[in-house]
Amino acid sequence: MSRIQETLKIVIVGHVDHGKSTLIGRLLADTASVPQDRISAVQRRCTEQGKEMEYAFLLDALEEEQSQGITIDTTRIQFHSEKRDYVIIDAPGHKEFLKNMISGASDADAAFLLIDAQEGVREQTRRHASILKLLGVRQVHVVINKMDLLDYDQESFDQIVTDCQAALANAGLVARSYIPIAAKFGENIVHRSSNLTWYAGLTIIDTMDALTIEHSSHDAPVRLPVQDVYKFDHRRIIAGRLESGTLKAGDEIVCWPQGTRTRIKTLESWNLSEPPIELVQGLSVGVTLEDPVFLERGTLITNSDAPPLVGTHLTANVYWLGRNPLVMDRRYTIKITTQETSCEVKTIHRVYDSGDLSVISVEGGVPANFVGEVTLEAKQPLAFDPFAGVPETGRFVLMDGYEVCGGGIITGLAGEQSTDDHQEKEKSPAGAAKPLVLRKKLKRSIVVNQ
Amino acid sequence: MEHLERLESESIYIIREAYRKYKKIAMLWSIGKDSTVLLHLARKAFYGHCPIPLVHIDTTFKIPEMITYRDKIAQEWGLKLVVGKNEEALRDGMNPERGRLDCCTALKTEGLQQIMAKHEFQGLLMGIRRDEEGSRGKERYFSPRNKDFEWNFKEQPPELWNQFQTEFPAGTHVRVHPLLHWTELNVWQYILHENIPVIDLYFSKNGKRYRSLGCAPCTAPITSEAKNVEEIIEELKNTRETERSGRAQDQVDAYAMQKLRVRGYM
């Protein structure tokens, strides 16, 4: 089998004690991905503590995790199949550690949602499903673990699948497959189970090998948020990561929110045998521009054909993690890529529990682990996209004081008219002539993006 | 995009983010392969320049070749180098025989603490990786340490979508880990790809080579015939031994690294 040259990131999520760390430990051991002395060390430690071999200890390295038998923080570990390399992300299942789960899952290419066959769908199963939806992880597979405790019974498996399909549908997710396993015995992980002969689908490892990284297309809109401006060797280098699209020298670009046009002059590089001809999505880049236009950290560079949405009001779904609820009349900081400004919640439209999806009153704001559908008002105009259009510039975090307290995805620009009124009344920091330009761009960009 | 290119880009983004956020920032250079790759990435991020000063903590027990290599590279690349030593502990005769973990804490952790205080550094770039050992597996890219240098691993900031918590209450300093997602194999593949000069202690002489570098009394070479970077890559693809198996302080007890790191160790 020829090996694939890319590394896929997979997060394993699910309710506490449904066996995430055991599954991963087993994957590592059965594919011979973990050094023998590390397995021996765990074996020794388990014998010392009078326990059976605990594969989870390969990941749950902290003393507190091992003594309590839980995962506190997310870990990632590399492993490989015959086909390619993987980064496996173990995310904690406890409610108290949801922010660690989100840290683990936010950049995964695919997710495996683990369910204990005896317990079925539980609170964190639903919560994790909502979070995967919010994070935009599209490739989700469900793994039904501990089939040995149900005597490998097909009917019980089918029942769990039916329940789970309903729970996922509520969260807006569709699983691509359901896999019965017994992680403790390594059944249907790397080796096919002789107790589950009625199951015709793929093992976990074969399911992973069949996954692909979903790249955005070559002609996706150009999105280069400016991270910093350097003045080295008498050049003014605009540095940032190309979040979407491709760039070449000579390309016409627009700098937002000002709407200033110029062209890319050079693509900068160091220690390359040949300078780059084209920059692609995901690269940390540096460019110089034809004209000495004003820009700074936070400026969004785009191509002229696909402008972003620009405005101070945006609608979004926010997953809240803060100790105090997300409320109106309080200042937060919003960060969209490298843009950062003060903001407040203008309206809370709906609040629901990410676990059981029950809707609560909007009066008390958005408590931790609830999702709020909100309109935010930023102090400065922002340039962004709907998450469904360009995910990289369609998501943000909210800070309360020093802390990251929520993650959100943008559904759109709120009330176009009111946004314009607001800008005209309240001034744009760049000067009086700007709002007109803004408004013009704004209308066109809506057509392009929606 | 190739895998190494993706790793490189993610690291450069983090280095640039740290440089932008902290006026007083330094990069820890242990002379080992990881921090030398980190240094190379910084030069790449800033187009051949390294605007960030390097800090080397000299325990005086380092393998002598490391100091020679350090001074040679620093001069060739025009680096700003700050060397820290816990003079008081050394005068007092601290050495590994007084207990390896105590020695690491005094000469490395406290040595670092002194230099951070002296220069008032708010941020410190370091080349640690998740796959090195368990407690590092739990790290964040931007990882705060309180004024006593303690790591509160139970309450770490969330990191999502490359948004990092970069600001903290006064007295906190931030450890920035741009290589967190790399593996040992990735590091060697990158050294080959970029032709980065690493110290030759890593290459086999008389059937032995160092796989991880530290202080002479606590670091043992491994049995190996790998004489160059290509051969090391081949060796790593087939080994089932851990990288830090030659580092004595890790083996003091089951949670040795966690205990050291909670107190501020790298």
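All values reported here derive from a predicted model rather than from experimental measurement. (Residues numbered from 1 in each chain as written. Chains lettered and ligands numbered in written order. Predicted model: local features only at pLDDT ≥ 70, side-chain atom pairs only at ≥ 80, totals over all residues. Heavy atoms only, no water.)

Engineer: Mind showing me how you'd approach the domain arrangement of chain B here?
Structural biologist: Many structure descriptions define interface size as the accessible area lost when the parts assemble. All names here are of chain B. Taken domain by domain, chain B consists of domain 1 (2-183 + 253-262) and domain 2 (198-251). In this structure, domain 1 and domain 2 have C-alpha centres spaced 21 Å apart. Between domain 1 and domain 2, the residue contacts involve 24 residues of the former and 19 residues of the latter. Between domain 1 and domain 2, a total of about 1,800 Å² is buried, with carbon and sulfur atoms accounting for 63% of that surface. Of all residues in domain 1, Lys33, Ile63 and Arg100 bury the most surface against domain 2, accounting for 30% of the area lost on that side. On the surface where domain 1 and domain 2 come into contact, there are zero salt bridges. One can count two residue pairs in polar contact (both at pLDDT 80 or more) joining domain 1 with domain 2. Within the residue set of the side of domain 1 that touches domain 2, elements represented by two or more residues are helix H2 (33-45), helix H3 (64-76), helix H5 (100-119) and helix H8 (256-262). Looking at the side of domain 1 that touches domain 2 element by element, the count peaks at four residues for H5. Of the residues contributing to the side of domain 1 that touches domain 2, the split by class is 11 nonpolar, two polar and 11 charged. (Domains from an automatic or database assignment. Contact = heavy atoms within 4.5 Å. Buried area = accessible area lost by both parts, 1.4 Å probe. Salt bridge = Lys/Arg side-chain N within 4 Å of Asp/Glu carboxyl O. Polar contact = N/O pair within 3.5 Å; in protein donor to acceptor, adjacent residues only side chain to side chain. Helix = DSSP H or I, 4+ residues; strand = E, 2+ residues; numbered from the N terminus. Nonpolar A, V, L, I, M, F, W, Y, C, P; charged D, E, K, R; others polar.)

Engineer: I'm lost on the packing of aromatic side chains in this one. Help?
Structural biologist: For the coordinates displayed, the defined rule picks out 14 aromatic pairs over all chains. Relative to Phe164 of chain B, the ring of Tyr141 of chain B has its centre 5.8 Å away and its plane inclined at 75°; by these criteria the two rings are edge-to-face. On the criterion of sequence distance, the pair formed by Tyr141 of chain B in the loop between strand S4 (123-125) and strand S5 (142-145) and Phe164 of chain B in the loop between S5 and strand S6 (173-176) is long-range, its members being 23 residues apart. A ring pair is formed by Trp188 of chain B and Tyr202 of chain B, whose centres lie 5.2 Å apart and whose planes are at 80°; its orientation type is edge-to-face. With a gap of 14 residues between them, Trp188 of chain B in helix H6 (residues 184-194) and Tyr202 of chain B in the loop between H6 and strand S7 (208-209) connect regions that are remote in the sequence. Summarising the burial analysis for this pair, Trp188 of chain B and Tyr202 of chain B share the class buried. Connected via pairs of aromatic rings, a cluster forms that spans Tyr230 and Phe232 of chain A together with Tyr19 and Phe46 of chain B. Against the face of Trp77 of chain B rests Arg43 of chain B, its NZ or CZ located 4.0 Å from the ring centre. Over the ring of Trp151 of chain B we find Arg261 of chain B; its NZ or CZ atom is 5.0 Å from the centre of that ring. (Phe/Tyr/Trp six-rings, centres within 6.5 Å; stacked < 30°, edge-to-face > 60°. Buried < 20%, exposed > 50% of the residue type's maximum accessible area, 1.4 Å probe, protein only. Lys NZ or Arg CZ within 6 Å of the ring centre and 35° of its normal.)

Engineer: I'm lost on the environment of Leu201 of chain B in this one. Help?
Structural biologist: All names here are of chain B. You can see Leu201 is positioned in the loop between H6 and S7. For the pair Leu201 and Arg211, spaced 10 residues apart in the sequence, the C-alpha separation amounts to 8.5 Å. Each residue touching Leu201, except ones within four places of it in the same chain, is listed here: Ile63, Glu65, Met66, Arg209, Tyr210 and Leu213.

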